[in-house]
Amino acid sequence: MRVLVTGGAGFIGSHFVKRLAAKGDEAVVLDRLTYSGNRANLEGVEHEFHHGDIADPEAVAAAGTGCAAVANFAAETHVDRSILGPREFVHTDVLGTQTLLEWARESGARYVQVSTDEVYGDLEPNIRSREDDPLRPSSPYAAAKAAGDLQVLAYVRTYGVRASITRGANTFGSHQYPEKLIPLFVTNALEGLELPVYGDGKQVREWLHADDHCAAIELVLRDGEPGEVYNVGGEEFENIEVTHRIVELTGVDAGLIRHVEDRAGHDRRYALDDAKLRTLGWSPRHSFGETGLTETVEWYRANRDWWEPIKSGEYREYYERQYAHRLA
Ligand code: TYD
């Protein structure tokens, strides 16, 4: 199968391209190569590359030629950046999604929208989100993803587009841009820099390995029902527990942990009920607590040449804006 992978030079997208290539499927990548897109993520991996924006119908049509399916990984994804500047999120996550859906409508391609648990918003302890729960996004990022999901469902109902949605938990693994909790804290620790924990650090996230996440997306692409949503869950940990494990695994002093001013609108907890996806035959192969985090830390330790160049340039400006006053 020839599959259009938008955002294929990003973190989860590049893991998906590797998966397709390993199985002998043809991956066509459309990526705008914004700050977090990186062609080095696809080095040595068989694929066809197109540089362009998913909100540009011509770029989508050119890349999509001959593709029977599309998996949409292209998105602005970082909550803190969405708080600093929400507009770009609406462009890519809403208008971009609608543009891709229009292409799927015209071409008849199968469509999978890669979404997030954040669309459900904050959860009390002991509750897990199910696919038909109301959407209560808290951040501009989550609101943009929720709007994208609603576009998908409208295109299924109105135009009969064969689209499904996956809503994944916090994803970890190699090649993740060092703005997210795990790669930020691991690389900071390896550089001897402080680890800025927002608020009390007792917020809960579920952690899902990039390969398990991609296996779920591939399964939904092949066997999922149009119009259906599938949660992809992970293992629950408090941020402060994750932080202490990173301190242990990198061997740094726990004194590097700094509790700093909280994120605005910060969700306390996400948790997914993924029974529906398990009925399709998915189960995770990587355990975050046992080996997953350890292997990820090892990857960052062994691949400084991947992240050191990223942590200069644009990243520095962002880091200053986001953390300088918090760490002052
Ligand atoms: P993040 O990796 O940004 O993912 P998301 O916001 O999509 O869950 O953050 C994960 C958790 O870690 C979240 O509760 C915010 C927290 N966090 C910090 O405490 N400090 C940080 O510097 C970052 C980036 C995140």
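Residues numbered from 1 in each chain as written. Predicted model: local features only at pLDDT ≥ 70, side-chain atom pairs only at ≥ 80, totals over all residues. Heavy atoms only, no water.

Draft legend 1. Main features of the site of the ligand. Lining the immediate environment of the ligand, one finds 19 residues, of which Glu-118, Arg-205, Arg-263, His-266 and Tyr-323 sit closest. Separating an oxygen atom of the ligand from a side-chain N or O atom of Glu-118 is a distance of 2.2 Å. Take Leu-181: an N or O atom from its main chain is 2.8 Å from an oxygen atom of the ligand. Contact with the protein chains covers 97% of the free accessible surface of the ligand, which is 510 Å². Those elements that place two or more of their residues in the shell around the ligand are helix H3 (79-84), helix H6 (181-190) and strand S8 (195-198). In terms of residue class, the shell around the ligand is made up of eight nonpolar, five polar and six charged. Counting residues domain by domain, the shell around the ligand receives three or more from each of domain 1 (2-171 + 206-232) and domain 2 (178-205 + 238-265 + 290-327). (Near = heavy atom within 4 Å. Polar contact = N/O pair within 3.5 Å; in protein donor to acceptor, adjacent residues only side chain to side chain. Areas by Shrake-Rupley, 256 points an atom, 1.4 Å probe, with all protein chains shown as cover. Helix = DSSP H or I, 4+ residues; strand = E, 2+ residues; numbered from the N terminus. Nonpolar A, V, L, I, M, F, W, Y, C, P; charged D, E, K, R; others polar. Domains from an automatic or database assignment.)

Draft legend 2. View of the sheet that holds strand S5 (residues 110-116). Reading across from one edge, S3-S2-S1-S4-S5-S6-S10 is the order of the seven strands in this open sheet, with parallel pairing throughout. Each end of this open sheet is capped by a strand with a single partner; those strands are strand S3 (48-51) and strand S10 (229-232). On average, each strand axis in the sheet is tilted by 20° relative to the strand beside it, whichever way the strands run. In this sheet, S3 lies alongside strand S2 (residues 26-31) in parallel orientation, the contact comprising four bridges. Residue pairing across strands places Asp-31 opposite His-51, the latter belonging to S3. (Pairing = 2+ DSSP bridges. Axes fitted to C-alpha atoms, helices over the stretch in contact; angles between N-to-C directions.)

Draft legend 3. Structural context of the packing of aromatic side chains. In the structure shown here, the tally under the stated rule is 14 aromatic pairs. The interplanar angle of 55° and the centroid separation of 4.8 Å between the aromatic rings of Tyr-155 and Tyr-159 together place this pair among those described as tilted. Of this pair, Tyr-155 and Tyr-159 both sit in helix H5 (residues 140-159), four residues apart, which is roughly one turn of that helix. Geometrically, the ring pair formed by Trp-207 and Phe-288 is stacked, given 5.7 Å between the ring centres and 15° between the ring planes. With Trp-207 in strand S9 (residues 204-209) and Phe-288 in helix H10 (residues 288-302), the pair connects residues that are 81 residues apart, well separated along the chain. Given the relative accessible area of 5%, Trp-207 is considered buried. Given a relative accessible area of 1%, Phe-288 falls into the buried group. In this structure, Arg-81 is placed above the aromatic ring of Tyr-35, and the distance from its NZ or CZ to the ring centre is 3.6 Å. (Phe/Tyr/Trp six-rings, centres within 6.5 Å; stacked < 30°, edge-to-face > 60°. Buried < 20%, exposed > 50% of the residue type's maximum accessible area, 1.4 Å probe, protein only. Lys NZ or Arg CZ within 6 Å of the ring centre and 35° of its normal.)

Draft legend 4. Geometry of the pattern of salt bridges. On inspection of all chains with the given rule, the structure shows 24 salt bridges. One salt bridge connects Glu-88 with Arg-32, and the closest N-O pair in it is separated by 2.9 Å. With Glu-88 in helix H4 (residues 87-107) and Arg-32 in the loop between S2 and S3, the pair connects residues that are 56 residues apart, well separated along the chain. Across the pair Lys-180 and Glu-179 runs a salt bridge, and its minimum N-O distance is 3.7 Å. Overall, the relative accessible area of 21% leaves Lys-180 in the partly exposed class. Since its relative accessible area comes to 4%, Glu-179 is described here as buried. A single salt-bridge network, built from bridges that share partners, covers Arg-19, Lys-23, Asp-25, Glu-218 and Arg-222. (Salt bridge = Lys/Arg side-chain N within 4 Å of Asp/Glu carboxyl O.)

Draft legend 5. Just the domain arrangement of the chain, in detail. As far as domains go, the chain holds domain 1 (2-171 + 206-232) and domain 2 (178-205 + 238-265 + 290-327). The C-alpha centroid of domain 2 is placed 25 Å from the C-alpha centroid of domain 1. Each partner contributes residues to the interface: domain 1 has 14 residues there, and domain 2 has 17 residues. Summed over both partners, the interface of domain 1 with domain 2 comes to about 1600 Å²; 50% of that surface belongs to carbon and sulfur atoms. On the domain 1 side of the contact with domain 2, Asp-80, Leu-84 and Trp-207 bury the most area, a combined 37% of that side's loss. Counting the contacts that link domain 1 with domain 2 gives three salt bridges. (Contact = heavy atoms within 4.5 Å. Buried area = accessible area lost by both parts, 1.4 Å probe.)

Draft legend 6. Representation of the environment of Cys-67. Its location among the elements puts Cys-67 in the loop between helix H2 (57-64) and strand S4 (69-72). The contact partners of Cys-67, leaving out residues within four places of it in the chain, are Arg-2, Val-3, Leu-4, Val-28, Trp-103 and Ala-109.

Draft legend 7. The nonpolar core, seen in detail. Grouped together as the largest cluster of nonpolar side chains are 59 residues, with contacts concentrated most on Leu-4 and Phe-16. Take this core: its biggest share by element is eight residues, from helix H7 (residues 210-223). When sequence neighbours within four positions are dropped, the list of residues in contact with Leu-4 reads Val-28, Leu-30, Ala-63, Gly-64, Cys-67, Ala-69, Val-70, Ala-71, Leu-100 and Trp-103. If you look at the next biggest cluster of nonpolar residues, it comprises 32 residues, including Leu-195, Phe-237, Ile-246 and Tyr-300. (Core = buried A, V, L, I, M, F, W, Y, C linked by side-chain atoms within 4.5 Å.)

Draft legend 8. Expanded view of the pairing of S10. Covered by surrounding structure in S10 are Val-229 and Asn-231 together with Tyr-230 and Val-232, the residues of both alternating faces. By the bridge criterion, four bridges tie strand S6 (residues 163-168) to S10 in an arrangement that is parallel. Each residue of the ladder has a partner; that of Gly-168, found in S10, is Val-232.

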